[in-house]
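Secondary and tertiary structure notes
Below are the chains, spelled out letter by letter.
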Amino acid sequence: MLRRVNRVVLIGTGFVGSSYAFALLNQGITEELVLVDLNKEKAEGDAMDLNHGMPFAPSRTKIWYGDYKDCGVADLVVITAGANQKPGETRLDLVEKNTKIFKGIVDQIMDSGFNGIFLVATNPVDILTYAVWKFSGLPRGRVIGSGTILDTARFRYLLGEHFDVDTRNVHAYIIGEHGDTELPVWSHADIAGTTISEWTKNKADFNPDDLNQIFLNVRDAAYHIIERKGATYYGIAMGLVRLTKAILRNENSVLTVSAYLDGEYGHNDIYIGVPAVVNRNGVREIVELDLNEEEKAKFTNSVQVLKKTMEPVFKNF
Ligand SMILES: NC(=O)C1=CN([C@@H]2O[C@H](COP(=O)(O)OP(=O)(O)OC[C@H]3O[C@@H](n4cnc5c(N)ncnc54)[C@H](O)[C@@H]3O)[C@@H](O)[C@H]2O)C=CC1
Ligand SMILES: CC(=O)C(=O)O
């Protein structure tokens, strides 16, 4: 019989996972939410705490602390488990540790009979999304990483602040690795359909160097926040909820996710941040932007850095 309720299973209820669960409940996106963590007491405590907020939620979400068997009928499994960056560490420094953790997690999920969509946020997210695809054997479109969704949000927010325009009217993408080699797609950035150069044409106080500084603040945002409070979680949690909504409500939304390239952008056999149409089946298609030569070269560099980092890791699996 067809199940009419949506079930999301969250693996990892640390800073990112618990913030995601809180935001998901507050937006009433799913009927069932199962929390799984190595630290069972934390997951159980989170389930209790979240349930106590139910009278204030927009709709009922059945939330419980569970285990991998609960993934069997899940529509979506979101993975935020694993190590996070310590001050000074890069995302790529986490690759060995988190790939090993992921092998154990994904094997248990697949043993449950899971046949839905994976959404990955753990870093380095592009490589771990590739790992989930390899370990699960699911079609590539049904394995999605959060990619540069957060970087793109940071970019739109900072541009909106700089030009004093609602961030929702700023359309600009960060693509590539969710990490140090990511790049801004200035050639396709616009404010309400107007290119940035048109928008700034008659503005005497506009300094073109400000744009590069905005990008640097986007690229290095995680380092700046981790230095101050040890971790980042609210922004990514809201990005994961946005993706969950696009998936469960079949929205065909264009979001910058880590998607598998099979010739798009001139590369293949890699998960990396690109705009893609996301719906109930996962990634429907990749949106191929016509990049300029400088952007193409930066994107290729990002691909190469990811591939070089991945190579030794996947030899062990
Ligand atoms: N993609 C993105 O934009 C972002 C990604 N992240 C990443 O998200 C990940 C989680 O970060 P935080 O929540 O801050 O870390 P955290 O340390 O607060 O939480 C991690 C959780 O994973 C659990 N865990 C570890 N091994 C497990 C296993 N084998 N099975 C089940 N649960 C397990 C831990 O018990 C812990 O509760 C990190 O890799 C971090 O870098 C963080 C922010 C943004
Ligand atoms: C930690 C991380 O990946 C971020 O905040 O971008």
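What counts as what
Residues numbered from 1 in each chain as written. Chains lettered and ligands numbered in written order. Predicted model: local features only at pLDDT ≥ 70, side-chain atom pairs only at ≥ 80, totals over all residues. Heavy atoms only, no water. UniProt positions renumbered as here; feature names shortened; annotations may be inferred. Helix = DSSP H or I, 4+ residues; strand = E, 2+ residues; numbered from the N terminus. Rg over C-alpha atoms; globule rule 2.2 N^0.38 Å. Buried < 20%, exposed > 50% of the residue type's maximum accessible area, 1.4 Å probe, protein only. Contact = heavy atoms within 4.5 Å. Areas by Shrake-Rupley, 256 points an atom, 1.4 Å probe, with all protein chains shown as cover. Lys, Arg positive; Asp, Glu negative; His and termini not counted. Charge placed at Lys NZ, Arg CZ, Asp CG, Glu CD. Arc of directions from axis to C-beta. Near = heavy atom within 4 Å. Polar contact = N/O pair within 3.5 Å; in protein donor to acceptor, adjacent residues only side chain to side chain. Nonpolar A, V, L, I, M, F, W, Y, C, P; charged D, E, K, R; others polar. Domains from an automatic or database assignment. Buried area = accessible area lost by both parts, 1.4 Å probe. Expected span 1.5 Å × (residues − 1).

If you check an unreviewed UniProt entry, the protein chain appears there as L-lactate dehydrogenase from Neobacillus bataviensis. For the record of the protein chain, the UniProt heading Sequence similarities (unreviewed entry) holds the text "Belongs to the LDH/MDH superfamily. LDH family."

1. A few points about the overall build of the protein chain
In terms of helices and strands, the protein chain carries 10 helices and 14 strands. Computed over its C-alpha atoms, the radius of gyration of the protein chain comes to 19 Å, within 12% of the 20 Å expected for a compact globule of 317 residues. By residue count, 53% of the 317 residues in the protein chain fall in the buried class. The contacts of the protein chain with a sequence gap of at least 6 include a subset with a gap of at least 24, amounting to 72%. Surface accessibility of the protein chain: about 14700 Å² in total, with carbon and sulfur atoms responsible for 50%. Of note, the protein chain has its 34 positive side-chain charges centred 5 Å away from the centre of its 41 negative side-chain charges.

2. Section: helix α7 (residues 209–219)
An α-helix turns once per 3.6 residues; consequently, residues spaced three or four apart project the same way. Looking only at α7, the buried set comprises L211, I214, F215 and V218. Buried residues of α7, seen end-on, are gathered within an arc of 95 degrees and therefore sit on one face of the element.

3. Re the site of ligand 2
With respect to spatial proximity, the complete set of residues near ligand 2 consists of Q85, R91, N123, L150, R154, H178, A222 and T232. Within the contact set of ligand 2, an oxygen atom lies 2.7 Å away from a side-chain nitrogen or oxygen of R91. N123 is positioned such that a nitrogen or oxygen atom in its side chain is 2.9 Å from an oxygen atom of ligand 2. A total of 220 Å² of accessible area belongs to ligand 2 in isolation, and the protein chains cover 90% of it. Counted by class, the shell around ligand 2 contains 2 nonpolar, 4 polar and 2 charged residues. Among the domains, domain 1 (5–143) and domain 2 (147–313) are the pair contributing at least three residues each to the shell around ligand 2.

4. Observations concerning the domain arrangement of the protein chain
Each assigned domain of the protein chain is listed here: domain 1 (5–143) and domain 2 (147–313). Between domain 1 and domain 2, the C-alpha centre-to-centre distance is 23 Å. Listed by partner, the interface residues are 41 residues for domain 1 and 43 residues for domain 2. Here domain 1 packs against domain 2, burying approximately 3600 Å² in sum over the two surfaces, 68% of which is carbon and sulfur. On the domain 1 side of the interface with domain 2, the three residues burying the most area are R91, D126 and Y130, jointly 19% of the side's total.

5. Comments concerning the UniProt feature "active site" (unreviewed entry) in the protein chain
Under the local residue numbering, the UniProt record ascribes the feature "active site" (unreviewed entry) to H178. Relative to the assigned elements, H178 resides in the loop between β8 (174–175) and β9 (183–184). The buried category is assigned to H178, whose relative accessible area is 8%. Excluding residues within four positions of it along the chain, H178 makes contact with R91, N123, V125, D126, G147, T148 and D151. Separated by 3.1 Å, the side chains of H178 and R91 make a polar contact.

6. Examining helix α9 (residues 234–248)
The end-to-end C-alpha distance of α9 is 21 Å, a good match for the 21 Å that 15 residues give at a rise of 1.5 Å each. In the segment just after α9, N250 is the residue with positive phi, at about 55 degrees.

7. A look at the UniProt feature "domain: Lactate/malate dehydrogenase C-terminal" (unreviewed entry) in the protein chain
Sequence positions flagged by UniProt for "domain: Lactate/malate dehydrogenase C-terminal" (unreviewed entry) are, in local numbering, residues 148–315. Between the end C-alpha atoms of residues 148–315 there is a gap of 26 Å, over a span that is 46% helix and 22% strand.

8. Topic: the site of ligand 1
Residues in close proximity to ligand 1 total 23 residues, the closest being V16, D37, A83, N84 and A121. The backbone of A121 places a nitrogen or oxygen atom 2.9 Å from a nitrogen atom of ligand 1. In the model, an oxygen atom of ligand 1 is placed 2.9 Å from a nitrogen or oxygen of the N123 side chain. Relative to its unbound accessible area of 870 Å², ligand 1 is 86% covered by the protein chains. For the shell around ligand 1, the elements supplying multiple residues, two or more each, are α1 (15–27) and α3 (95–111).

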